[in-house]
Amino acid sequence: MSIKKSFQKNGLSCKVTFRLPAELATEAQNVCIAGDFNDWKTDDHPMKKLKSGDYSITLTLAQGKAYEYRFLIDGHQWINDPEADRYAPSPYGEENSVVIL
């Protein structure tokens, strides 16, 4: 499972752990996550490479929203999360991953 959600007791935020499996980033030197939660900035949220080869990051996001996002490998290859809650069309003719909180 690549998305883990931990809803906070305050009902306002949720800690979301995104995980990109190693087999989708076998040659990657770095992976970042970008989405509407960070204005699609491609270098604000680098993911940590785990011993397993997977990449992971935990973000605190507001509850009651859906967020579009994608993974960016080595600054040029966009990929979707295979475990996203759903997918939404992007203005670039592709789809974005969506996490629903």
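Residues numbered from 1 in each chain as written. Predicted model: local features only at pLDDT ≥ 70, side-chain atom pairs only at ≥ 80, totals over all residues. Heavy atoms only, no water.

So, about the sheet that holds strand β1 (residues 3-7). In a beta sheet, neighbouring strands are held together by backbone hydrogen bonds and run either parallel or antiparallel to one another. The four strands are arranged β1-β2-β5-β4 in an open sheet whose pairing can be described as antiparallel. A single partner strand is all that each edge strand has here, and the edge strands are β1 and β4 (48-49). Where β4 lies against strand β5 (residues 55-62), two bridges are found, and the strand directions are antiparallel. Each bridged residue has a counterpart across the sheet, and for lysine 48 the counterpart in β5 is serine 56. (Pairing = 2+ DSSP bridges. Helix = DSSP H or I, 4+ residues; strand = E, 2+ residues; numbered from the N terminus.)

Further remarks concern the side chain of aspartate 54. By the element assignment, aspartate 54 lies in the loop between β4 and β5. Excluding residues that lie within four positions of it along the chain, aspartate 54 makes contacts with Arg19, Leu20, Pro21, Ala22, Lys48 and Lys49. (Contact = heavy atoms within 4.5 Å.)

A word on the pairing of β1. For β1 and strand β2 (residues 13-20), the ladder comprises five bridges, and the chain directions are antiparallel. Its bridge partner lying in β2, phenylalanine 7 is registered against cysteine 14. Hairpin connection of β1 to β2: five residues between the antiparallel strands, including glycine 11 at a positive phi of 75°.

Before going further, it helps to spend a moment on the nonpolar core. In this structure, Phe18, Leu20, Val31, Ile33, Met47, Tyr69 and Phe71 are the most contacted members of the largest nonpolar core, which totals 23 residues. Sorting the residues of this core by element identifies β2, β3 (31-35), β5 and β6 (66-73) as the ones contributing at least two each. In this structure phenylalanine 71 touches Phe18, Arg19, Leu20, Val31, Cys32, Ile33, Met47, Gln77, Trp78, Ile79, Asn80 and Asp81, once residues within four positions along its chain are discounted. (Core = buried A, V, L, I, M, F, W, Y, C linked by side-chain atoms within 4.5 Å. Buried < 20%, exposed > 50% of the residue type's maximum accessible area, 1.4 Å probe, protein only.)

It is worth spelling out the pattern of salt bridges at this point. Tallied over the full model, the rule gives three salt bridges. Between lysine 5 and aspartate 85 there is a salt bridge, with the nearest N and O atoms lying 2.7 Å from each other. Here lysine 5 is found in strand β1, whereas its partner aspartate 85 is found in the loop between β7 (77-79) and β8 (86-89), with 80 residues between them in sequence. (Salt bridge = Lys/Arg side-chain N within 4 Å of Asp/Glu carboxyl O.)

Moving on: the packing of aromatic side chains. Taken as a whole, this structure holds five aromatic pairs when the rule is applied. Between the aromatic rings of phenylalanine 37 and tyrosine 67, the centroid separation amounts to 6.3 Å while the plane-to-plane angle is 65°, which identifies the pairing as edge-to-face. On the criterion of sequence distance, the pair formed by phenylalanine 37 in the loop between β3 and β4 and tyrosine 67 in strand β6 is long-range, its members being 30 residues apart. Ring-pair connections join several aromatic residues into one group, and the members of that group are Phe18, Phe37, Tyr67, Tyr69 and Phe71. (Phe/Tyr/Trp six-rings, centres within 6.5 Å; stacked < 30°, edge-to-face > 60°.)

Quick look at the environment of serine 97 now. By the secondary structure assignment, serine 97 is in strand β9 (residues 95-100). Judged by relative accessible area, serine 97 falls into the buried class, the value being 0%. For the pair serine 97 and asparagine 80, spaced 17 residues apart in sequence, the C-alpha to C-alpha distance is 5.5 Å. Residue contacts for serine 97: discarding those within four places in its chain leaves Tyr67, Glu68, Tyr69, Arg70, Asn80, Asp81, Ala84, Arg86 and Tyr87. For serine 97, the side chain forms a polar contact with the side chain of asparagine 80, separated by 3.2 Å. (Polar contact = N/O pair within 3.5 Å; in protein donor to acceptor, adjacent residues only side chain to side chain.)

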